[in-house]
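The residues making up each chain are set out below.
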Amino acid sequence: MTTAQRPIEKGEVLLEGKGISKGFPGVWEYLILDHIDFDVRAGEVHTLLGENGAGKTVIANILSGFYSLTSGQLFVRGEPVTLRSPRDGLEHGIGMVHQELMLVRTFTVAENVALGLKAFGLSFPLRRVEQRLRELSERYQLQVDPRARIEDLSAGEQQRVEILKVLYHEPQVLILDEPTSLLTPEEAERLFEVLRGMAAEGHGIVFITHKMKEVFKVSDRVTVLKLGKAMGTKPISETSEEELSRLMFGEHIDIHIERKPVRSEKIALEVQNLEALGPEGEPALRGVSFAIREGEIFGIAGVAGNGQSELIEAVTGLRRVTGGRVIIFGRDMTNRSPREIIEAGVAHIPEKRREIGVVEPMNVAENVVLKDYRKPPFSRRSILNIPYISRHSEKVVAQFEALVPDLWRSQTRILSGGNIQRLILGRETWRRPPLIVAAHPTEGLDARAIRHTWGLFLSLRGEGSAILLVSEDLDEVMALSDRIAVMFEGKIVGLVEGAEARREEIGLLMAGIRA
Ligand SMILES: Nc1ncnc2c1ncn2[C@@H]1O[C@H](COP(=O)(O)OP(=O)(O)OP(=O)(O)O)[C@@H](O)[C@H]1O
Ligand SMILES: [Mg+2]
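These remarks concern the structure in this document. Given the structure is predicted, the values throughout are model-derived calculations rather than measurements. Throughout this document, residue positions are counted from 1 along each chain, in the order its sequence is written. For naming, the first written chain is A and the first written ligand is 1, with later ones following in the order written. Totals for whole chains, interfaces and linings use all residues, but because this is a predicted model, local features are given only for residues with pLDDT of at least 70 and pairs of side-chain atoms are given and counted only at 80 or more.

1. Quick look at the overall build of the protein
Turning to step 1, where the next piece is worked out: Within the protein, the secondary structure is distributed over 17 helices and 22 strands.
Turning to step 2, where the next piece is worked out: Here the C-alpha radius of gyration of the protein, 24 Å, is about what a compact globule of 515 residues would show, namely 24 Å.
Turning to step 3, where the next piece is worked out: Dimensions along the principal axes, computed over C-alpha positions, put the protein at roughly 75 × 50 × 50 Å.
Turning to step 4, where the next piece is worked out: A total of 515 residues make up the protein; the buried ones form 44% of that total. Under the scheme used here, helices are H or I runs from DSSP no shorter than 4 residues and strands are E runs no shorter than 2 residues, and both carry numbers assigned from the N terminus. What the globule rule says is 2.2 Å times the number of residues to the power 0.38, and the radius of gyration is computed from C-alpha atoms. As a rule, residues whose C-beta atom has 12 or fewer other C-beta atoms within 10 Å are exposed, those with 20 or more are buried, and those in between are partly exposed; C-beta atoms are placed from the backbone.

2. Some thoughts on unusual backbone geometry
Turning to step 1, where the next piece is worked out: For the bond running from Pro376 to Pro377, omega is 0 degrees, close enough to zero to count as cis.
Turning to step 2, where the next piece is worked out: Here Pro377 lies in the loop between α12 (364–368) and β17 (379–380).
Turning to step 3, where the next piece is worked out: Here the phi dihedral of Asn335 falls at roughly 55 degrees; this positive angle occurs in a residue that is not glycine.
Turning to step 4, where the next piece is worked out: Note on Asn335: 14 C-beta atoms within 10 Å, which makes it partly exposed.
Turning to step 5, where the next piece is worked out: Its identity is not glycine, yet Glu489 carries a phi of approximately 45 degrees, on the positive side.
Turning to step 6, where the next piece is worked out: Within the secondary structure, Glu489 sits in the loop between β21 (483–488) and β22 (491–497).

3. Remarks on helix α8 (residues 241–249)
Turning to step 1, where the next piece is worked out: When α8 is considered as a whole, its buried residues turn out to be Leu244, Leu247 and Met248. Across the axial projection of α8, the buried residues extend over an arc of 100 degrees, all falling on one side.
Turning to step 2, where the next piece is worked out: Contacts are defined on C-beta atoms placed from the backbone: any two residues whose C-beta positions lie within 7 Å are in contact. Next to the buried residues of α8 lie β3 (45–50), α7 (212–218), β9 (221–226) and β10 (229–235).
Turning to step 3, where the next piece is worked out: Following α8 by one or two positions, Gly250 has its phi on the positive side, about 80 degrees. Relevant arc is that of directions from the helix axis to the C-beta atoms, nothing else.

4. Looking at the site of ligand 1
Turning to step 1, where the next piece is worked out: By definition, a residue lies near a molecule or strand provided its backbone-derived C-beta atom is within 6 Å of it. Neighbouring ligand 1 are 22 residues, the closest being Asn52, Lys56, Thr57, Ser416 and Gly418.
Turning to step 2, where the next piece is worked out: Residue ranges for the domains originate in an automatic or database domain assignment. Two domains share the shell around ligand 1, each providing at least three of its residues, namely domain 1 (14–248) and domain 3 (353–432).

5. What to know about the packing of helix α13 (residues 386–399) against helix α14 (residues 417–429)
Turning to step 1, where the next piece is worked out: Axes, fitted as lines to C-alpha atoms, cover a helix only where it is in contact. Angles between the N-to-C directions of the axes lie from 0 to 180 degrees. α14 packs onto α13 with a crossing angle of 120 degrees between their chain directions and a minimal axis gap of 8 Å. For the pair α13 and α14, the crossing hand works out as right-handed. Here Val396, Val397 and Gln399 of α13 come into contact with α14, specifically with Leu423, Gly426 and Arg427.
Turning to step 2, where the next piece is worked out: A breakdown of the residues in the contact of α13 with α14 according to their chemical character gives three nonpolar, two polar and one charged. Left-handed describes a crossing whose near helix is turned anticlockwise from the far helix by less than a right angle; the clockwise case is right-handed. Basically, the charged four are Asp, Glu, Lys and Arg, the nonpolar ten are Ala, Val, Leu, Ile, Met, Phe, Trp, Tyr, Cys and Pro, and anything else, Gly included, counts as polar.

Keep in mind that these numbers describe shape and distance, not what the molecule does.
And the structure:
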């Protein structure tokens, strides 16, 4: 009997890496992964925990065949293997769900799955794919319509498609790279149940996160990575948040916030009866009004898809307003171009960081000066001032401790998700802008970077900047906001003072239930 045919026993090591090392010579001088031992067993969820740039995505890519190893050896059920491609990984029973969604937006769910099937492509009978997807959805409680088009699905639904796409191959080991970053708290809870269920069935699950709370909800064991080194592997019952935090950062991160009252009465941003359409031409904003004072953080809470994205796009000039007005520092800026709005003093930390936040094929320095390079001292008569740009980019990158190998030679594409976010935060805040429109500013950041960002937002607020903050992280909205508006179905359904906000009340409003 070959290994693949032998029935799996609970606790059997399904996938193991010994001394896994990975370097990117010419880019980084040190090893990105430095002799890491890691294994996952049948029936468990083994979590990989680490701060931004620790190497979580790289190790996941190695375990699933996307990247080759520099040195070390992988074993599948005890047999040494070399994985040459993700397909090879799948054939060995290892599937990975990536940190970023990788679906073809104009195709249906079933078509996306069919695309990944060997030798069939779209000539494969779609009915069979659809049928099988229905079975898998049912079995793993991952509801999606196989005939729905990807662009019509929410981020949470798209994520389910990514998981189903991998489950279609019936992997024994499922690796999920920060799967909860796109999910609402309820969706995340449901995913944890699904993962626990899969583990109970005998799968081995590798779950990647930098969120401490999640570790204790879902894991059997946890391994901490720090700058490419394994800091230790612990059964979850034998460790604590403090211990893991110390392994992750070398210190325990406690986030404590102090806020003085808003002093100014001057209005920075006002929207009046704002209306705009969503991606399908449906009304997405249905008469939104509010005003934010200088030195005030105005938080918007809500479940994704209730008009928050459209609101941010309308204010920053990325979406046409069909009714109402946007007034910035007293000037009517309704339907002005993004450039005019930037010129009016508005910084934007966008939701789609890789698509809108940066230009991935450009290098890091170019991305840092993306909005400034036309002006002195960054350039004069269309000639870039390279030494100045270098010094400036270095400062911006250092402020958020973004891990960047070389400002001019590294494409931004190679940065880890959290490091791209740091770059954007640095670029958008260095000039101390009077108005900041921030969508999920700390999504993908580890605790230390979150603390830094929150501290920066509060100090900007203290200097008089107004901040429109949209976040799905209720802790964040509650910690930072002077006032909190809750959006539901394109309207503001509740407005509370930050200091008086109660979590339960906001939660009910988010679900469309009036207090
Ligand atoms: N193709 C590549 N070429 C060069 N360097 C790379 C490449 N891919 C990743 N790196 C580097 O390897 C390091 C680890 O990156 P990785 O994406 O694994 O971090 P991570 O732990 O997943 O972080 P995050 O929480 O931000 O997602 C980073 O410094 C990153 O820039
Ligand atoms: Mg990552």
